[in-house]
Amino acid sequence: MEKSAVSFVAKSGTGKTTLLEKVIADLKGRGYRVGVIKHDAHRFDIDYPGKDSYRLTAAGADTMLICSPQKLAMIKQHETAPNVEELVATYFNDVDIVITEGYKMGGMPKIELNRKERSETLICRGEKNDPTLVAVASDQPLTLDVPVLDLNNPAAVTDFLVERFIRKEK
């Protein structure tokens, strides 16, 4: 069965990471295995000059994996970024749900966060009607064609994820 995955999207400064920290902790507390993909539109580095892993990558390794008893990290060179669906299928077979932060233009189901003080408008409703929107988590009442969750109630967001994306697999 295809892995359940959902993207959390919002305008910068809305609080995606803050909410996701609480939702992930809640999912873990309920016994679920959680995978996360953070979209970064910019260049990032987790490997630094002076580290052996950096030296091996700089020498030309196309894929370099560093592993310890507690965790592993992989650095894989690529010409173009793989799409999010490919990442989910390739790297997340051992989890109950994959949550992505970002991927506003992706084709996965989306939950949009909306904070009144940040923006009155939505990314997925308005000029463009994104058919992948499944819910909005907001701190203000909204009338929409999808469920509106309380942005300040992470447990309600977790409940929605469990009902919509995890229980259907079990």
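Overview of the structure.

Reading guide: rules and limits
Residues numbered from 1 in each chain as written. Predicted model: local features only at pLDDT ≥ 70, side-chain atom pairs only at ≥ 80, totals over all residues. Heavy atoms only, no water. Buried < 20%, exposed > 50% of the residue type's maximum accessible area, 1.4 Å probe, protein only. Helix = DSSP H or I, 4+ residues; strand = E, 2+ residues; numbered from the N terminus. Arc of directions from axis to C-beta. Contact = heavy atoms within 4.5 Å. Polar contact = N/O pair within 3.5 Å; in protein donor to acceptor, adjacent residues only side chain to side chain. Pairing = 2+ DSSP bridges. Core = buried A, V, L, I, M, F, W, Y, C linked by side-chain atoms within 4.5 Å. Salt bridge = Lys/Arg side-chain N within 4 Å of Asp/Glu carboxyl O.

## Some remarks on helix α3 (residues 84-91)
By the burial criterion, the buried members of α3 are V84, L87 and V88. End-on, the buried residues of α3 take up no more than an arc of 100 degrees, which puts them together on one face. Among the structural elements, β1 (5-9), β2 (34-38) and β5 (97-101) are those in contact with the buried residues of α3. For α3, the N-terminal capping position is held by N83, with its side-chain oxygen 3.2 Å away from the main-chain nitrogen of E85.

## Points about the pairing of β5
The two faces of a sheet get side chains in turn, since along a regular strand they alternate between them. Among the five residues in β5, five count as buried, and that is most of the element. Residues I97, I99 and E101 line one face of β5 and the alternating positions V98 and T100 line the opposite face, and both faces are buried. Of the pairings in the sheet, the one linking β1 to β5 comprises four bridges and is parallel in character. In the strand pairing of β5, V6 is matched with I99. In this structure, β2 lies alongside β5, joined through five bridges in parallel fashion.

## Quick notes on the nonpolar core
Formed by 24 residues in total, the largest nonpolar core has its most connected members in F8, L27, I99, I111 and L161. At the level of elements, β1, α1 (16-29), β5, β6 (110-114), β7 (133-138) and α4 (154-166) are the ones that each hand at least two residues to this core. At six residues, the largest contribution of residues to this core is made by α4. In this view, L27 contacts Y32, V34, I97, I99, T158, L161, V162 and I166; residues no more than four positions away in its chain are not counted. One finds L87, V88, V95 and V98 within the second-largest nonpolar core, a separate group that totals 10 residues.

## A word on the pattern of salt bridges
Counting across every chain of the model gives eight salt bridges. Its salt-bridge partner being R30, residue D159 comes within 2.8 Å of it at the nearest N-O pair. Residue D159 is found in helix α4, and its partner R30 is found in the loop between α1 and β2; the two are separated by 129 residues along the sequence. D159 sits in the partly exposed class, given a relative accessible area of 40%. For R30, a relative accessible area of 35% gives the class partly exposed. D52 is paired through a salt bridge with R55; the nearest N and O atoms lie 3.6 Å apart. Separated by three residues within a single helix, D52 and R55 lie in helix α2 (residues 52-58), roughly one turn from each other. Side by side, D52 and R55 carry an identical accessibility label, which is exposed.

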